[in-house]
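Report on the structure
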Amino acid sequence: MKPLHIDTNSKVPVYLQIVDSIMAAVRDGDLRRDEQIPSINEFSEQYLLSRGTVEKAYKELRDKKVILSVKGKGYFIYRTDVNMPLRVLLLFNKISNYKKQIYNAFVKTLGEGVFVDLHIHHSNVQLFDSLISNHLGDYDHYVIMPHFYEQPERVLQIIRQIPEQQLLLLDKDLPELGGRHAVVFQNFEKDIYEALYEALPSLKKYNSLVFVNPGNIMPYPPEIRKGFQYFCRMHDFNFSVMEDGLEMSAPVKAGQAFIVIEETDLVNLVKICRNNALAIGKDVGIVSYNETLLKEVLLDGITVISTDHEQMGITAAQMILEKGTERVKNPFKLILRNSL
C-alpha cells in the first residue's frame, strides 16, 4: 500500500482524510480487491495518529463496504466499484472569453466522471487564501491560475499548503515555488518577443511601435511589456508605452503600429483611425493580444498574437487524468492578417 497523505494541520478531520485517501487509492487502482491494508495499530503507528481516529475511519469504510474485517487476519479491500468521482477545484483570476475557452476544453477533456468546481480569486490574495484554506482536503486536484501582483511570498505560502501531487499551475509558472508539481504555462516575455520577431517584415513598414498597457484596473503579466520593450531595443524600433489604456482622445498618427492587449482599447483604436481617415494596415498597424472569432473577420482580419487557449485546457485535463507532473509550455503563435 502506497503511503497516504495525511495533514494533521488541515481543517478537514483526520479520519475523513483517511477515508478519502483509501477510497481514492481504490478508485485509482492502487488498492485492489482482497488486498490487505494495515491494521488499526499499524496505521496508527505509521502515521503517528491516535488509535481512535484510525478506528473511526475504518468503521466508516466498513459501513461503506469498502473494506472488510476478517477475524484473526486483518482488514482487506472488499469493494472496488467505489462511486467517487475526481473532484477538481479550478481557480481562475478572472472570467473572459479566453478563460471560457480554457474551461470548456478542460471540462470536456476530463469527461463526465469528474466534478469541477470553478471559483474566481480576482488576484485578491486574501480571497485566494480563504478559498484554499477553507477547501484543503475537499478536492483531489487544485488547478490554479497564479496571477497575483501583490504579496508574492504570501501567495507562495498559501500554495505550498497543497500537496504537490494535487497541484497544477495553469497559464503562469512560479519557478520560485519549487517542488514537483504539474504546470501548463505561457512564457509571456519570450512568447511576445518571438511572435513580434516573426512579424518583423510587416512591422518594418512603421516608424514606431506603441504598446497599450491596460493598467492596474485590468492588470496583465508585466512580462508582456518587458518582452515588447526588449524586442524594440533589439531591433532598433522607436517605441512608447501607453499606460492605463487608450482613450478616444489619444494621439494616433500615421506610421505607428499598436500592440493592444484589451478589447476595449482595440475598439477605441479602430474608432480613432476611422474618425481620422487613417487606413488600418497601411497608415496604422494593429496587433491584438489573444485570438477570437471576431478578430478573424473584423476589418478583413486583425493580426493576433495568442496562446492556444483550447490546447491549454486540454493539456491540463490530460495531465490530471494521467497523473502527470511535467512543466509544459503552451503553444503561442502569430496569426498575420490585414491589420498589419
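Here's what I pulled together on the structure shown here. (Residues numbered from 1 in each chain as written. Predicted model: local features only at pLDDT ≥ 70, side-chain atom pairs only at ≥ 80, totals over all residues. Heavy atoms only, no water.)

Counting buried residues in strand E4 (residues 86–92) gives 6 out of 7 residues, a clear majority hidden from the surface. By the bridge criterion, 7 bridges tie E4 to strand E5 (residues 114–120) in an arrangement that is parallel. Looking across to E5, one finds that Leu 89 is bridged to Asp 117. After leaving E4, the chain enters helix H4 (residues 97–110) and then returns to the sheet as E5, a path that is right-handed. (Buried < 20%, exposed > 50% of the residue type's maximum accessible area, 1.4 Å probe, protein only. Helix = DSSP H or I, 4+ residues; strand = E, 2+ residues; numbered from the N terminus. Pairing = 2+ DSSP bridges. Right-handed = clockwise from strand over helix to strand, strands pointing away.)

Time to look at the environment of Tyr 289. Here Tyr 289 lies in strand E12 (residues 285–289). Sequence separation of Tyr 289 and Leu 266 is 23 residues, and the distance between their C-alpha atoms is 9.6 Å. With near-sequence residues (within four places) excluded, Tyr 289 lies in contact with Tyr 98, Gln 186, Phe 188, Ile 224, Val 260, Ile 261, Glu 263, Lys 295, Ile 305 and Phe 332. (Contact = heavy atoms within 4.5 Å.)

Attention now goes to the sheet that holds E4. Pairing within the open sheet is parallel, and its 6 strands lie in the order E5-E4-E6-E7-E8-E14. At either margin of the open sheet sits one strand with a lone partner, and together these are E5 and strand E14 (327–329). Between one strand axis and the next, the sheet turns by 15° as a mean value, whatever way the strands run. (Axes fitted to C-alpha atoms, helices over the stretch in contact; angles between N-to-C directions.)

Two numbers describe how helix H1 (residues 14–27) lies on helix H3 (residues 51–63): the axes approach to 8 Å, and their chain directions differ by 45°. Here H1 is positioned oblique relative to H3, judged by the angle of their axes. Where H1 crosses over H3, the two elements pack in a sense that is right-handed. Counting all contacts with H1, which are made through Val 14, Tyr 15, Leu 16, Ile 18, Val 19, Ile 22 and Met 23, the residues of H3 involved are Thr 53, Val 54, Lys 56, Ala 57, Tyr 58, Glu 60 and Leu 61. Residue classes in the contact of H1 with H3 are distributed as 11 nonpolar, 1 polar and 2 charged. (Parallel < 35°, antiparallel > 145°, perpendicular 65-115°, else oblique. Left-handed = near helix turned anticlockwise from the far one by under 90°. Nonpolar A, V, L, I, M, F, W, Y, C, P; charged D, E, K, R; others polar.)

Another aspect to go through is the sheet that holds strand E10 (residues 238–242). Spatially, the 6 strands line up as an open sheet ordered E10-E9-E11-E12-E13-E15, and their pairing is mixed. In the strand order of this sheet, the two ends are held by E10 and strand E15 (332–335), each with one partner. Going across the sheet, the axis of each strand differs from the next one's by a mean of 15°, ignoring polarity. Pairing geometry for E12 and strand E13 (residues 303–307), over 3 bridges, is parallel. Bridged to Tyr 289 within E13 is Ile 305. The strands touched by helix H7 (residues 188–198) are strand E9 (208–212), strand E11 (256–260), E12, E13 and E15; relative to E15, the strand with the most contacts, the crossing angle is about 30°. Packed onto the sheet, helix H10 (residues 263–275) meets E9, E11 and E12 and runs at close to 165° relative to E12.

What follows concerns the state of the cysteines. According to the stated counting rule, one finds 0 disulfides in the structure shown. Among the cysteines around Cys 273, which has no disulfide bond, Cys 232 carries the closest sulfur, lying 18 Å off. (Disulfide = S-S within 2.5 Å.)

Moving on, we come to H4. An α-helix turns once per 3.6 residues; consequently, residues spaced three or four apart project the same way. Along its 14 residues, H4 runs 20 Å from first to last C-alpha, staying within 8% of the 20 Å computed at 1.5 Å per residue. Among all positions in H4, only Tyr 98, Lys 99, Ile 102, Ala 105, Phe 106 and Leu 110 are buried. Looking straight down H4, one finds that the buried residues subtend no more than 135° of arc, so they occupy a single side. Opposite its buried face, H4 presents the exposed residues Asn 97, Asn 104 and Lys 108, each directed more than 90 degrees away. Following H4 by one or two positions, Gly 111 has its phi on the positive side, about 90°. (Expected span 1.5 Å × (residues − 1). Arc of directions from axis to C-beta.)

Bringing the packing of helix H2 (residues 40–47) against H3 into the picture now. Close contact between H2 and H3 brings their axes to 9 Å; oriented N to C, the two are set at 125°. Classified by the angle between their axes, H2 and H3 sit oblique to one another. The way H2 lies across H3 gives a crossing that is right-handed. In this structure, H2 contributes Ile 40, Asn 41, Phe 43 and Ser 44 to the contact, and H3 contributes Arg 51, Val 54, Glu 55 and Tyr 58. Class assignment for the residues of the contact of H2 with H3 results in 4 nonpolar, 2 polar and 2 charged.

Across the chain, the bulk of peptide bonds are trans and the bulk of non-glycine residues have phi less than zero. Despite not being glycine, Gln 151 shows a phi value in the positive range, around 50°. With respect to the helices and strands, Gln 151 occurs in the loop between strand E6 (141–144) and helix H6 (152–159).

Glancing now at the side chain of Ser 21. Along the chain, the position of Ser 21 falls in helix H1. Judged by its relative accessible area of 17%, Ser 21 is buried.

Looking at the secondary structure, you find Ser 44 in helix H2. Polar side-chain contacts of Ser 44 include one of 2.3 Å to the backbone oxygen of Leu 49. (Polar contact = N/O pair within 3.5 Å; in protein donor to acceptor, adjacent residues only side chain to side chain.)

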